[in-house]
Every structure is written in structure tokens, then in C-alpha cells.
Amino acid sequence: MDKTVGIVGLGIMGGAIARNLIERGWHVIGFDTDAAKCTELAEAGVAIVESVAHVARSAPLIMTSLPTPAAVESVAKAIADSGAPSRIVAELSTLTLADKLKFEAILKAAGHIPLDCPLSGTGAQAKMRDLIVYASGDSAAITHCGQLFADFSKQSADLGVFGNGSRMKFVANHLVAIHNVATAEAMILAERAGLDAKMVVELVGPGAGGSRMFQMRAPMMVEGKYEPATMKVSTWKKDMAIIAEFADDVGCETPMFTLTQPVYTQAMAMGLGDQDTASVFEVLKKTLPTTPKGGKA
């Protein structure tokens, strides 16, 4: 197999993936509009090129990890207009289904094979290859990408028709939103009960009440340090809007998810947009009243 891959978007996720692939013998050709990111990744061994079209002409497999729908559409058009032969293009970002389908249509019309492959995991997990690839689209193309996915993730799955990857990601992120706020609430409960916060992290995390979000975010809450962010509150707010739209489209009420949304909104209002989403602990610490014994505030 030709172990050459192109990556468009070298941010937190794309950059971590690129580094892992280089360590596993891949020739990674990369592009990003941020010159600083390009310089950093060039030092790690990524072959930086000057355009998306250059990536498309140089790599049989391409992955895109981008921050906005506009960027994804622009990159899809650049690949389509590049004159490159048929490429497999795996889109890793979290977008609405409408945006993913637009991406699919643009590339299919130009003879390429688009895949919808959002990732479950944070930037910190990406560094450790602790990701799950929710792949959907052409099954033969997904099979062809098996070794690629295995070299930067712990698990991947073929979920069927294009778009099912995003549907699975929305379900996963729905839980992340709830577990993150639930972790903050539990840590405040522990704090007000006079428990040793570090012991709570050590003993609750591996137990029945623990979750991956608890294990990742509770230690940050104990330290009160939310940088560098594994997921910025501002980015997460965008993802939550996508999930809410998806739930509405399929006619499913999500009362617990809905209850978490004001917490993240308040985090933005408190100037925590660039902080890790674990910073919702600071929101609850500020907004949750203390009720005296006996239950009367």
C-alpha cells in the first residue's frame, strides 16, 4: 500500500493525527492557511505544500480537518478543481448533515470518493491515538483506509451510508455535553461536602459513576487550570448547536442535553470561550447557591 496521505487542516486534531502518522511510517503532505502551524508541522516531518490543489495532486488519500462549513466547502471545491485523478477524501470535521452532503456532492461530481468520518475524542486523545473513527460512505473506500485509520486511532467502524458517521458523532457528543456538566456538578457537591477533591477523582473515576469525561475533566477542575484546551468552549458551542438542530430534525426531545446549554452559554459570557470545556466547573461554582441544612435557602 502507498503510505502517502494528504491532510488539509493542521490544527489541534489534524496536527496530532499528522504526527502520529509520521511516527508510523506515513509520508504526510499537509496544508493549512496558518503559517505558524505549517512551520510547526514541517519541523515534525510533514511535507508542507502551498495549496489544497497541490495536496490533491500529490496524495491518493486525503483527510480534511477544518473549523467551519465555509472552509470545508472551499476545500472541497479546490480538490474538485485541482485536476487530480480520483481520490478518497475523508472529512473528519463536525458539521451539520447539510454541510456534509454539500461536501459529498461537490467531490462526487468531480469523480472523487468522499467519506464522512467524524472523530470521537479530544485533541489530547488524538495525541495518544485514543480516537474512534466513525466512517461512513463507500464501503470499499473505507476498507482501503483501514490501515490509515488504525495508525492514528484505537478503533474505526463502517457505519453504512454517507452521513451515518455524523449521526453517530452527534449521539456521542450529546453524551459528552451532559457528562461534562454532570462532572462539574459532582465535583462541586464533593467540595461542599468537605471531601478531598483529589481522592474523589482517584476513586470515583474508575467506579460505576465514572465516565471518560470525568476521568479527563475532573482533574482539570481540581487544578482550576483549563489551558491548553482539549476542546474550547467556543468550539463546543458550535457543536452543540449542530446537535440541537439534528435532534429537532429527527423529532427527538433531549431534556438533559437542553439543560446543559445555558451552562456553556454562561461560560462564554464569563470570558471562558478559549478555555477547555472543563471550565463549566467555574460557572457552576459561581451560580449554584448553597442551601443550608434543612433544605431552605
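How each quantity is defined
Residue numbering note: each chain is counted from 1, following its sequence as written. Reporting of local features is limited, given that this is a predicted model, to residues whose pLDDT is at least 70; pairs of side-chain atoms are given and counted only at 80 or more, and all residues count toward the totals for whole chains, interfaces and linings. Side-chain calculation: all heavy atoms of the structure are included, whereas hydrogens and water are not. Burial classes follow relative accessibility: with a 1.4 Å probe on protein chains only, a residue under 20% of its type's maximum area counts as buried, one over 50% as exposed, and anything between as partly exposed. Numbering goes from the N terminus for both helices and strands, where a helix is a DSSP run of H or I of at least four residues and a strand is a run of E of at least two. Here, any two strands with at least 2 DSSP bridges between them count as paired. Polar contacts, as counted here, are pairs of nitrogen or oxygen atoms within 3.5 Å of one another; within protein the pair requires one atom able to donate a hydrogen and one able to accept it, and residues that are adjacent in sequence qualify only if both atoms are side-chain atoms. Should any heavy atoms of two residues lie within 4.5 Å, those residues are considered in contact. Only Phe, Tyr and Trp rings take part, Trp by its six-membered ring, and two of them pair if their centres are within 6.5 Å. Stacked means planes under 30 degrees apart, edge-to-face means over 60, and tilted covers everything else. Here the expected length of a helix is defined as 1.5 Å per residue gap, with one fewer gap than residues. When the strands point away from the viewer, a crossover counts as right-handed if the route from the first strand across the helix to the second turns clockwise.

**Student:** Please set out the pairing of strand 8 (residues 132-137) residue by residue, giving values where relevant.
**Tutor:** Within strand 8, five of the six residues are buried, which leaves it mostly tucked inside the rest of the structure. In the sheet, strand 8 pairs with strand 9 (residues 155-158) via four bridges, with the strands oriented parallel. Of the residues in strand 9, the one forming a bridge with Ile132 is Gln155.

**Student:** Describe the side chain of Thr230, naming the residues involved and giving the relevant values.
**Tutor:** Mapped onto the fold, Thr230 is located in the loop between helix 11 (212-223) and helix 12 (233-249). When its relative accessible area of 15% is taken as the criterion, Thr230 is described as buried. Side-chain polar atoms of Thr230 contact the side chain of Arg217, separated by 3.2 Å. Beyond its immediate sequence surroundings of up to four residues, Thr230 is in contact with Thr122, Gly123, Ala124, Arg217 and Asp276.

**Student:** I'd love a proper account of the packing of aromatic side chains, names of residues and values included.
**Tutor:** A complete count under the given rule lists three aromatic pairs for this structure. Summarising the aromatic geometry, the rings of Phe149 and Phe152 are spaced 6.1 Å apart at their centres and angled 90 degrees between planes, so their arrangement reads as edge-to-face. By relative accessible area, which is 0% here, Phe149 ends up buried. Taking the relative accessible area as the measure of exposure, Phe152 reaches 0% and is therefore buried. With centroids separated by 4.9 Å and ring planes inclined at 55 degrees, the aromatic side chains of Phe170 and Phe246 adopt a geometry described as tilted.

**Student:** If you had to explain the environment of Leu119 to someone new, which residues and values would you point to?
**Tutor:** Of note, Leu119 is situated in strand 7 (residues 119-120). For Leu119, a relative accessible area of 3% translates into the label buried. In this structure the C-alpha to C-alpha distance between Leu119 and Lys232, which are 113 residues apart in sequence, comes to 16 Å. Once residues lying within four places of it in the same chain are set aside, the contact partners of Leu119 are Met13, Ile17, Leu92, Leu131, Ile132, Val133, Phe152 and Lys169.

**Student:** Requested: an account of helix 1 (residues 12-23), with residues and values cited.
**Tutor:** Compared with an ideal rise of 1.5 Å per residue, which puts twelve residues at 16 Å, helix 1 spans 17 Å between its outermost C-alpha atoms and is within 8% of the ideal. Burial in helix 1 covers these residues: Met13, Gly14, Gly15, Ala16, Ile17, Ala18, Asn20 and Leu21. Looking one or two places after helix 1, you find Gly25, whose phi comes out positive at around 90 degrees.

**Student:** Tell me what's going on with the pairing of strand 2 (residues 27-31), and back it up with residues and numbers.
**Tutor:** Among the five residues that make up strand 2, four are buried, leaving the element largely enclosed by the rest of the structure. In terms of strand pairing, strand 1 (residues 4-8) meets strand 2 through five bridges, oriented parallel. Along strand 2, the bridge assignment pairs Ile7 with Gly30. Chirality of the crossover, the property in question, places the unit of strand 1, helix 1 and strand 2 among those that are right-handed. Bridge analysis of strand 2 against strand 3 (residues 47-48) gives two bridges, and the strand direction is parallel. Note that in strand 3 the partner of Gly30 across the bridge is Ile48. Crossover connection from strand 2 via helix 2 (residues 35-43) to parallel strand 3: handedness right-handed.

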